[in-house]
Amino acid sequence: MSSLETIPIRRPEIFRFTSQPRLEKPSLIVGWMKDVGDVSRGVADFLAHAAGGRSFCQIEPTDFFAVGGVTVESNIATFPQSRFFHDDHSKLLLLRSDEPQSRRYEFLSAVLDLAECFKVESVYTVNGIASMIPHTFDRRVFGVFNSVEVQRKLKWHLPIGLRWQGTPHMSTYLLWLAGRRGLQAAGLWLEVPFYLSDRQDAQAIRSAVLLLSRILGWHYETEELDQRVKEQEEMLANLRQEDIEIDARIQRLEQGESLESHEQVELIEAIRGAFRRHG
Amino acid sequence: MGVRLYCQPDLKQPVMICGWSGIGRVGLVAVNTMRRLTEAEPFGEIEPEGFFEPSRALIVNGLIEEMRFPATRFYAFHGPQRDFVFLVGEQQPSDPNKTYEMAEMVLDVADMLGCRRIYTAGAGVTTIHHTNKPKVWAVPNQPNLICEIREYSNTILMSEIGDRQGEGAITGLNGLLLGVAKSREVEAICLMGEVPYYLQGAPWPYPKASISILEVLGEILQVPMDLRELQETAEKVNANIDQVLEALAAADELPEQIREEMKILRRPRRSDLGPITEAEQKDILEHIDELFRNDSHKET
């Protein structure tokens, strides 16, 4: 069992603890607050709720975020948060956090310092990735791995590897830094229909939770997630009935056709407007 | 975050020459060219993670194959008379505290290798015309180096630039390194190749200024260098600048006052362009920057 009483942290002033749990070789799951299809936050919210909803530690924001005021989103003042939760039954250490605006290396290093203190065995990130699939299709999951070993270990769960060349996402940077410390880490990238990118895709979130459960041997009750998926499906089915343009374009996606750029934009706008009208 | 050495070179009282990316990539091109021409071997680097954001990730079939950062690399060269250490930095840290930290690391390496003299290379922005040969501004960190600098060809001290009376500022690592070296009692000289003020925001390098620096370094360090390739590049860049100025002068929406100033820029061959007010300089820069932005968009 590992606890912070026995293991020093390099920069303790970054962390604010309210309790010091004892965990046995947990897995660290990292969920970011803003993401395609809200997949990352959705998974983190589900796991935090399942863990009792009380965080035991947070990262002080001053080094990593602009804290001169607050931003207002959907009429509500928001403030950056980086909170850790734990679930002893699932051997879970969870970070639910906004992406740092500056000093990303220091932020991610602090996260990995804490992971090492708790003797974390493996690190997982979860994200959404916009795709040209219709919402009626299963969400595929693409894997990103920081070593051949972890890729081999997870090949049955994550048979499709992501291909990417360009500016790295925060999750990929975290996996790479974890690899530098010899920590096994993998990223789960869930397909999200592009027209659901700017809202929560309940089906992608449920797929991610179920996959993580299979990988880590969890047994979570998912009735609430199932209900949200059902509601999302009903809502989209109603929209298709109400708007023949929406229906025609989604049908083309279902038949494997691609949409022109302007058609994609129009579908996104139509779905957005319809969701607004239906609250 | 630290210095990673691939091997420990055995050098005799080496001179260190540093160049980072900056205005017109003058310093970077100068030092990288000297490094290339001398076939200096890499022996270490400053670990980039704490200084820079990763610029590129390569993920192949799910596996993170590469995480690319701007490099800050050390090279060594055994010269016939003396040994050299080159530092080539693709980028400078944006955080001033990190800049200072990097300067300290460079001086740590210089100390370890026994470097007692450091040169940095960069750009000096002035009213020179792009068809004129750029001079090299030299700023030492110790008064006893002034006499030596007066002997350098095509080189001037701060006191010889306009009415500066020997005063000015050097931003970034080129300047900071001089300061940190001074606090460690290591001699350092910053060499700045002149860059026309209207090109300071241009998206391409300004090799003419790099050539001037290399000529000075080649002379004082007795390292012969064949600069023909760089000169060819400089000629191409100049031709490009002429084209841009022609296009700018032909622009319909150009204010009359600026149009007159552009005529002067296109009718060159004087090293002193005469007095330009701050407002005029600002207007010209704005128009030229706009044109360069359009031009670079076309290229991409």
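Small disclaimer: the values here were computed from a predicted structure and weren't measured.

Here we look at the overall build of chain A
Thinking step 1. For chain A, the count of helices and strands is 8 helices and 12 strands.
Thinking step 2. At 20 Å, chain A has a C-alpha radius of gyration in line with the 19 Å of a compact globule built from 279 residues.
Thinking step 3. With respect to the principal axes defined by its C-alpha atoms, chain A has extents near 65 × 45 × 40 Å.
Thinking step 4. With 279 residues in all, chain A has 53% of them scored as buried.
Thinking step 5. The contacts of chain A with a sequence gap of at least 6 include a subset with a gap of at least 24, amounting to 76%.
Thinking step 6. Charge-centre separation for chain A: the mean point of 33 positive side chains lies 6 Å from the mean point of 39 negative side chains.

Some remarks on the packing of helix H2 (residues 96-113) of chain B against helix H4 (residues 172-183) of chain B
Residue and element names in this part refer to chain B.
Thinking step 1. The geometry of H2 relative to H4 is characterised by a closest axis approach of 9 Å and an angle of 55° between their N-to-C directions. Looking at the two axes, H2 sits oblique to H4. Considering only the axes of H2 and H4, their crossing is right-handed. Contacts from Thr-99, Tyr-100, Met-102, Ala-103, Glu-104, Val-106 and Leu-107 of H2 reach H4 at Gly-172, Leu-173, Leu-176, Leu-177, Val-180 and Ala-181.
Thinking step 2. Considering only residue class, the contact of H2 with H4 consists of 10 nonpolar, 2 polar and 1 charged.

Here's the deal with the interface of chain A and chain B
Thinking step 1. With 25 residues of chain A at the interface, the matching set in chain B holds 22 residues.
Thinking step 2. Each partner contributes to the roughly 1,900 Å² buried at the junction of chain A and chain B, and carbon and sulfur atoms together form 53% of this total.
Thinking step 3. Connecting chain A to chain B are 4 salt bridges.
Thinking step 4. Two residues, B:Glu49 and A:Arg180, come together in a salt bridge whose shortest N-O distance is 2.1 Å.

Side note on the nonpolar core
Thinking step 1. B:Ile17, B:Met34, B:Phe86, B:Tyr119, B:Leu191 and B:Leu221 are the most contacted members of the largest nonpolar core, which has 46 residues in total.
Thinking step 2. The element contributing the most residues to this core is helix H5 (residues 207-221) of chain B, with 7 residues.
Thinking step 3. Each residue touching B:Leu191, except ones within four places of it in the same chain, is listed here: B:Tyr119, B:Thr120, B:Ala121, B:Gly122, B:Val136, B:Trp137, B:Ala138, B:Ile213, B:Val216 and B:Leu217.
Thinking step 4. Core analysis: the next-biggest nonpolar cluster, separate from the first, contains 45 residues, A:Phe194, A:Leu196, A:Leu236 and A:Ile246 among them.

Section: the sheet that holds strand S1 (residues 3-5) of chain B
Residues and elements named next belong to chain B.
Thinking step 1. An order of S1-S3-S6-S7-S2-S8-S11-S9-S10 is seen for the 9 strands of this open sheet, with the pairing classed as mixed. In this open sheet, the two strands that pair with only one neighbour each are S1 and strand S10 (155-157). Averaged over all adjacent pairs, the angle separating strand axes in this sheet is 25°, with direction ignored.
Thinking step 2. Strand direction decides the pairing type here: strand S9 (residues 136-140) and S10, joined by 3 bridges, are parallel. Residue Ala-138 lies in a different strand from S10, and its bridge partner there is Leu-157.
Thinking step 3. Sitting on the sheet, H2 touches S1, strand S2 (15-20), strand S3 (41-46), strand S6 (72-78), strand S7 (83-89) and strand S8 (117-126), and the angle it makes with S2 is about 160°.

Overview of helix H5 (residues 202-216) of chain A
Think of an α-helix as 3.6 residues a turn; residues three or four steps apart then line up on the same face.
Residues and elements named next belong to chain A.
Thinking step 1. Taking 1.5 Å as the rise per residue, H5 with 15 residues should run 21 Å; its terminal C-alpha atoms sit 21 Å apart, in good agreement.
Thinking step 2. The buried count for H5 comes to 11 of 15 residues, which makes it a mostly enclosed element.
Thinking step 3. Every buried residue belonging to H5 is among Ala-202, Gln-203, Ala-204, Ile-205, Ser-207, Ala-208, Val-209, Leu-211, Leu-212, Ser-213 and Ile-215, and all of these are buried.
Thinking step 4. At its buried positions, H5 is contacted by strand S2 (27-32), helix H1 (39-50), strand S8 (122-131), strand S9 (141-145), strand S12 (184-193) and helix H6 (223-242).
Thinking step 5. Directly after H5, the chain includes Gly-217, whose backbone phi takes a positive value near 70°.

Remarks on the pattern of salt bridges
Thinking step 1. Within the structure shown, the criterion is met by 35 salt bridges over all chains.
Thinking step 2. The salt bridge partner of A:Arg140 is A:Glu191, with a shortest N-O separation of 3.0 Å. Linking A:Arg140 in the loop between S8 and S9 with A:Glu191 in strand S12, this pair joins segments that are 51 residues apart in sequence.
Thinking step 3. Residue class for A:Arg140 comes out partly exposed when judged on its relative accessible area of 42%.
Thinking step 4. A salt bridge links B:Asp226 to B:Arg228, with the shortest nitrogen-to-oxygen separation between them at 2.6 Å.
Thinking step 5. Residue B:Asp226 is classed as partly exposed on the basis of its relative accessible area of 42%.
Thinking step 6. In the salt-bridge network here, residues are joined through shared partners; they are A:Asp198, A:Arg199, A:Glu269 and A:Arg272.

Rules used throughout
Sequence order as written defines residue numbering, which begins from 1 separately in each chain. Think of it this way: whatever chain is written first is A, whatever ligand is written first is 1, and the rest follow in order. It should be noted that, the model being predicted, local features are given only for residues of pLDDT at least 70 and side-chain atom pairs only at 80 or more, the latter also being counted only at that level, while totals for whole chains, interfaces and linings use all residues. To get the side-chain values, take all heavy atoms of the structure and skip hydrogens and water. For the purposes of this entry, the term helix denotes a DSSP run of H or I that reaches at least four residues, the term strand denotes a run of E that reaches at least two, and both are numbered from the N terminus. In this treatment the radius of gyration is a C-alpha quantity, and the globule benchmark scales as 2.2 Å times the residue count to the 0.38 power. Note on exposure labels: buried denotes an accessible area under 20% of the residue type's maximum, exposed denotes more than 50%, and partly exposed covers the range between, all computed with a 1.4 Å probe on protein chains only. Here a residue-residue contact requires only that any non-hydrogen atoms of the pair lie within 4.5 Å. Think of it this way: Lys and Arg go in the positive column, Asp and Glu in the negative one, and His and the chain ends go nowhere. Positions of charges follow a simple convention, taking NZ of Lys, CZ of Arg, CG of Asp or CD of Glu. Between N-to-C directions, angles span 0 to 180 degrees; the directions come from axes that are lines fitted to C-alpha atoms, helices contributing only their stretch in contact. Should an angle fall under 35 degrees it is called roughly parallel, over 145 degrees roughly antiparallel, and 65 to 115 degrees roughly perpendicular, with every other angle called oblique. Left-handed describes a crossing whose near helix is turned anticlockwise from the far helix through less than a right angle; right-handed describes the clockwise counterpart. Amino acids are sorted into nonpolar (Ala, Val, Leu, Ile, Met, Phe, Trp, Tyr, Cys and Pro), charged (Asp, Glu, Lys and Arg) and polar (every other residue, Gly among them). Accessible surface is computed with a 1.4 Å probe, and the buried area is the amount of it that two parts give up when combined, taken over both parts together. Any carboxyl oxygen of Asp or Glu within 4 Å of a side-chain nitrogen of Lys or Arg constitutes a salt bridge here. Grouping buried Ala, Val, Leu, Ile, Met, Phe, Trp, Tyr and Cys residues that are joined through side-chain atoms within 4.5 Å yields what is termed a nonpolar core. One requirement defines pairing of two strands: DSSP has to find at least two bridges between them. By this rule, a helix spans an expected 1.5 Å times one less than how many residues it contains.

These values are about where atoms sit, not about what they do.
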